[in-house]
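# Fold and contact review
Take a look at the letters that make up each chain.
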Amino acid sequence: MGKEPLLQKVRIQEDIESDKKTRVNGGDDDGPITFVLLLTTLTALWGTFSYGTAAGFTSPAQTGMMEGLNLSLAEFSFFGSVLTIGGLVGAALSGRFADLFGRRGALWVSNSFCMAGWLMIAFSQATWSLDIGRFLLGVASGVTSYVVPVYIVEIAPKRIRGAFSAVSMLVMCASMAFSFLVGSVISWQNLALFSTVPCVLEFAGLFFIPESPRWLSRNGRVKESEVALQRLRGNSTDITKEAAEIKKYMENLQESKEDGFLELFKPRYSRAVIVGIGLLVLQQLGGLSGYTFYMSSIFNKAGFPNNVGVTIATVVQATMSVFGLIIVDKFGRRPLLMVATGMMCLGSFITGLSFLFQSYALLENYTSISTLIGVLVFLTSMTIGMGGIPWVIVSEMTPMNIKGSSGTLCNITSWSSNWFVSYTFNFLFQWSSSGVFFLYSTISGMGILFVMKMVPETRGRSLEEIQADVAR
């Protein structure tokens, strides 16, 4: 038993080294960006758009819902927080759904939860149906937040894999802006109905897109895997080398059983698990939920106009998301993560320093502007790196035979950290408006060391090559 994993790793590494030589001698053509690849990516991203609209729904809907349904602040606060509770449930199920039903199948499941959730909210006349609808949206979001990046990573050619994955951050920004802008001019019921449109588009698209070739190959459906890969790469593209690499890697993995949670702590998987959990904890404990959920409180405390601040933040995030698409496959994941983590540290430090000066009545005329600068620096770090790249790294590094259990663990960790930060922010902000941001800055500073020490570069490498190196 002790020799089998070692022999398996040796065979996989030999296959990867052989493929490296082939690429050096004969080139490495990933194929063109095809219509099917674009359609598949777009269909998956409608799930991300739905997640963003769910996250942004409460801000424009609060006044109308509380007045129209006579909700107390406590009832509305519970309604908002139920999304996170549902997200934890969806996170716990996400890996199993993705392994059992496939990536495409898991999107069918999340789409069903999402559609049901929005319809329940749109036609609710009581708090219980509102909460159930919000819970269902949370379940859908929990599944989507894991399945979409995994699906995109597994179908995209390696030369553009980072850019395709980074689109999700742009989509998230666009969907939250959609909720804020549209919700400011229509009723909350109509906003909920409008939010079903992405669900309908995703539902329609799922009929026409292929399953992940790697998931098909992992489940012994090699012919279907090759057909799906050919559709994604185009009929004129020679997929022989890529298909053979996937097939060899999966055949070696078939010799081992489907590993469960306890297997994640074995030495050969430790780096992938530690990097995945570490990046997602850093993303959340660095203050992401505090900034996004309570941006209005931050601007109000600093004396900056809330609507102006949110609008500027939305424009900057959208602009920098496009910039991130351009540079992620040009400079690589690791350098961008180091820069982004440094910007997280700097942004929180500037924000904390602004509130510290305010508390001592120093430079009060500059507090609002410096706070805005700190917030924008932090949000920029999310859009160019820390928002999307951690999930790309998780999807790229995790071997197929533990992807379900590892993905579930990482997703639960992310959603739990999300809840912890969103729950504690107001208490910490009241305790010390500067101290909470200095705390986030310190955590981000430690994150720089973590990225330098633990995170490998994955740009331009096949998934099989990355996973074989990590498992050594």
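Residues numbered from 1 in each chain as written. Predicted model: local features only at pLDDT ≥ 70, side-chain atom pairs only at ≥ 80, totals over all residues. Heavy atoms only, no water.

- In the annotation of an unreviewed UniProt entry, the entry for the chain reads Major facilitator superfamily (MFS) profile domain-containing protein, and the organism field reads Brassica carinata.

### Describing the overall build of the chain
- From N to C terminus, the chain includes 21 helices and 0 strands.
- Pairs at least 24 residues apart make up 84% of the contacts formed inside the chain by residues separated by at least 6 positions.
- A total of about 19,200 Å² of accessible surface is found on the chain, and carbon and sulfur atoms cover 67% of it. (Helix = DSSP H or I, 4+ residues; strand = E, 2+ residues; numbered from the N terminus. Contact = heavy atoms within 4.5 Å. Areas by Shrake-Rupley, 256 points an atom, 1.4 Å probe, with all protein chains shown as cover.)

### Comments concerning the packing of aromatic side chains
- Counted by the stated rule, this structure contains 20 aromatic pairs.
- Between tyrosine 291 and phenylalanine 378, the ring centres sit 3.9 Å apart and the planes meet at 15°, which makes this aromatic pair stacked. With tyrosine 291 in helix α13 (residues 288-293) and phenylalanine 378 in helix α17 (residues 367-386), this residue pair connects regions lying 87 residues apart in the sequence. No difference in accessibility class separates tyrosine 291 from phenylalanine 378, as the two residues are buried.
- Judged by centre distance (5.9 Å) and plane angle (20°), the ring pair of phenylalanine 355 and phenylalanine 437 falls under stacked. (Phe/Tyr/Trp six-rings, centres within 6.5 Å; stacked < 30°, edge-to-face > 60°. Buried < 20%, exposed > 50% of the residue type's maximum accessible area, 1.4 Å probe, protein only.)

### Some details on a nonpolar patch on the surface
- Taken together, the side chains of Phe357, Tyr360, Leu362, Leu363 and Tyr366 make up a nonpolar region of the molecular surface, amounting to roughly 570 Å² of accessible area.
- Tracing the sequence through the fold places tyrosine 360 in the loop between α16 (333-359) and α17.
- The exposure class assigned to tyrosine 360 is exposed, which follows from its relative accessible area of 59%. (Patch = residues over 30% accessible without salt bridge, like charges linked within 9 Å, V, L, I, M, F, W, Y side chains within 5 Å. Salt bridge = Lys/Arg side-chain N within 4 Å of Asp/Glu carboxyl O.)

### Regarding the nonpolar core
- Judged by nonpolar contacts, the single largest core of 45 residues is most densely connected at Leu337, Ile393 and Phe437.
- Tallying contributions element by element places α17 first for this core, with 9 residues.
- Every residue in contact with phenylalanine 437, bar those within four places of it in the chain, is listed here: Tyr291, Ile298, Ser348, Thr351, Gly352, Phe355, Phe425 and Phe429. (Core = buried A, V, L, I, M, F, W, Y, C linked by side-chain atoms within 4.5 Å.)

### Considerations on helix α10 (residues 222-233)
- Relative to the 16 Å expected for 12 residues at 1.5 Å per residue, α10 spans 16 Å between its end C-alpha atoms, a close match to the ideal helical length.
- If you check which residues of α10 are buried, you get Ser225, Ala228, Leu229, Leu232 and Arg233. Taken end-on, α10 shows its buried residues confined to a sector of 125°, consistent with a single buried face. Away from the buried face of α10 by more than 90 degrees, exposed residues Lys223 and Val227 are located.
- Two residues or fewer past α10, glycine 234 is found with a positive phi of approximately 100°. (Expected span 1.5 Å × (residues − 1). Arc of directions from axis to C-beta.)

### Here we look at the packing of helix α5 (residues 127-155) against helix α19 (residues 403-431)
- Following both chains from N to C, one finds α5 and α19 inclined at 130°, their axes separated by 10 Å at the closest point. Here α5 is positioned oblique relative to α19, judged by the angle of their axes. Both α5 and α19 take part in a crossing whose hand is right-handed. Taking contact as the criterion, the partners of Ser141, Gly142, Ser145, Tyr146, Val150 and Glu154 in α5 are, on α19, Lys403, Gly404, Gly407, Asn411 and Trp415.
- Broken down by class, the residue content of the contact of α5 with α19 amounts to 3 nonpolar, 6 polar and 2 charged. (Axes fitted to C-alpha atoms, helices over the stretch in contact; angles between N-to-C directions. Parallel < 35°, antiparallel > 145°, perpendicular 65-115°, else oblique. Left-handed = near helix turned anticlockwise from the far one by under 90°. Nonpolar A, V, L, I, M, F, W, Y, C, P; charged D, E, K, R; others polar.)

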